[in-house]
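Spelled out, the chains give:
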Amino acid sequence: MELWLRDGDYVPDGRGGLVRSEGAEALLQRVLFRLCARRGSFPMLPEIGSELYRLGSEPRCSRLSAARQYVAEALRGEAVSVEDVTLSDAGGGRVAVEVQLSGEGERLSLRLTV
């Protein structure tokens, strides 16, 4: 079971504890954590995280291939298959990254902005 994260904070369960998830929800929580954390920000676990934060400095013509590479590197070791990665403009110089995955016998989808 994994602790549920929302906007970088653990979600309280209203009884003094924290919301936990399992199965596909737990997998999605781990994937989101790995994609949102900056690679190298955990000194004891330098392989955790992604380099998606670098997309804004990539030339537009190579952003999609870079995003696919960053997602694949971040999710190495997780029990998922990355089906597709797409990008769109999120405004203000930010990039929306949409990731389609399969894992835990389900198709999963997530969107984050970097």
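Per chain, the residues get numbers from 1 upward, laid out in the order the sequence is written. Since the coordinates come from a predicted model, pLDDT governs what is reported: local features require at least 70, and pairs of side-chain atoms require 80 or more to be given and counted, while whole-chain, interface and lining totals use all residues. The basis for every side-chain value is the complete set of heavy atoms in the structure, and neither hydrogens nor water enter the calculation.

1. Re the sheet that holds strand β5 (residues 81-91)
- By the convention used here, strands pair only if DSSP detects at least 2 bridges between them. Only DSSP runs of H or I with at least four residues qualify as helices, and only runs of E with at least two residues qualify as strands; both kinds are numbered from the N terminus onward. Ordered in space as β5-β6-β7, the three strands form an open sheet in which the pairing is antiparallel. In this open sheet, the two strands that pair with only one neighbour each are β5 and β7 (106-113). Geometrically, the sheet is characterised by an average inter-axis angle of 15 degrees between neighbouring strands, direction not taken into account.
- In what follows, a contact means two residues having at least one pair of non-hydrogen atoms within 4.5 Å. Throughout, an axis means a line fitted to C-alpha atoms (over the contacting stretch in the case of helices), and angles, computed between N-to-C directions, take values from 0 to 180 degrees. Sheet contacts for helix α1 (residues 24-36): β6 (94-103) and β7; angle to β7, the most-contacted strand, approximately 30 degrees.

2. Notes on the packing of α1 against helix α2 (residues 63-75)
- Close contact between α1 and α2 brings their axes to 9 Å; oriented N to C, the two are set at 125 degrees. The orientation of α1 with respect to α2, classified from their angle, is oblique. As α1 packs across α2, the resulting crossing turns out to be right-handed. Across the interface between the two elements, V31, R34 and L35 of α1 pack against V71, A74 and L75 of α2.
- When residues are grouped by polarity, Ala, Val, Leu, Ile, Met, Phe, Trp, Tyr, Cys and Pro land in nonpolar, Asp, Glu, Lys and Arg in charged, and all others, Gly among them, in polar. When its residues are assigned to classes, the contact of α1 with α2 shows five nonpolar, no polar and one charged. Working rule for angles: under 35 degrees goes down as roughly parallel, over 145 as roughly antiparallel, 65 to 115 as roughly perpendicular, anything else as oblique. By definition, any crossing whose near helix is turned counterclockwise from its far helix by less than a right angle is left-handed, and any crossing with a clockwise turn is right-handed.

3. Description of a nonpolar patch on the surface
- Patch members must show over 30% relative accessible area and no salt bridge, and they are joined within 9 Å when carrying like charges or within 5 Å when they are nonpolar side chains of Val, Leu, Ile, Met, Phe, Trp or Tyr. Areas reported here follow the Shrake-Rupley algorithm with a probe of radius 1.4 Å; residue values treat only the protein chains shown as occluding. A pair is scored as a salt bridge if a Lys or Arg side-chain nitrogen falls within 4 Å of a carboxyl oxygen belonging to Asp or Glu. Among the surface-exposed residues, F33, F42, M44 and L45 lie close enough to one another that they form a single nonpolar patch of about 430 Å² accessible area.
- The topology assignment puts F33 in helix α1.

4. Section: the nonpolar core
- Membership of the largest hydrophobic core comes to 22 residues, with the highest contact counts inside it found for V31, L35, L52, L55, L101 and L110.
- Elements supplying a minimum of two residues to this core: α1, α2, β6 and β7.
- For L35, the residues in contact, after removing those within four places along its chain, are S50, L52, V71, A74, L75, V99, L110 and L112. For the purposes of this section, nonpolar cores are sets of buried Ala, Val, Leu, Ile, Met, Phe, Trp, Tyr and Cys residues that join through side-chain atoms within 4.5 Å. Accessible area is worked out with a 1.4 Å probe on protein chains only. A residue is then buried under 20% of its type maximum, exposed over 50%, and partly exposed in between.

5. Regarding the confidence of the model for the protein chain
- Across the protein chain, pLDDT averages 88, with 97% of residues at or above 70.
- As a per-residue measure, pLDDT tells how confident the predictor is, with possible values from 0 to 100. Confidence, read as mean pLDDT per element, is least for strand β2 (residues 5-6) in the protein chain (71) and greatest for α2 (96).

6. Some remarks on the side chain of R34
- Along the chain, R34 turns up in helix α1.
- Here E78 takes part through its side chain, which lies 3.1 Å from a polar atom of the side chain of R34.
- Residues in contact with R34, not counting those within four places in the same chain, are I48, G49, S50, A74, L75, R76 and E78. For the purposes of these results, a polar contact is taken to be a pair of N or O atoms within 3.5 Å, where, inside protein, one atom must be able to donate a hydrogen and its partner to accept one; residues adjacent in sequence count only when each atom of the pair is a side-chain atom.

7. Examining the pattern of salt bridges
- If you walk through the whole model with that rule in mind, you get six salt bridges.
- Close ionic contact of E51 with R54 constitutes a salt bridge, the shortest N to O distance being 2.9 Å.
- With its nearest N and O atoms 3.7 Å apart, the salt bridge here joins D84 to R68. With D84 in strand β5 and R68 in helix α2, the pair connects residues that are 16 residues apart, well separated along the chain.
- Through salt bridges that share partners, R30, R34 and E78 make up one connected network.

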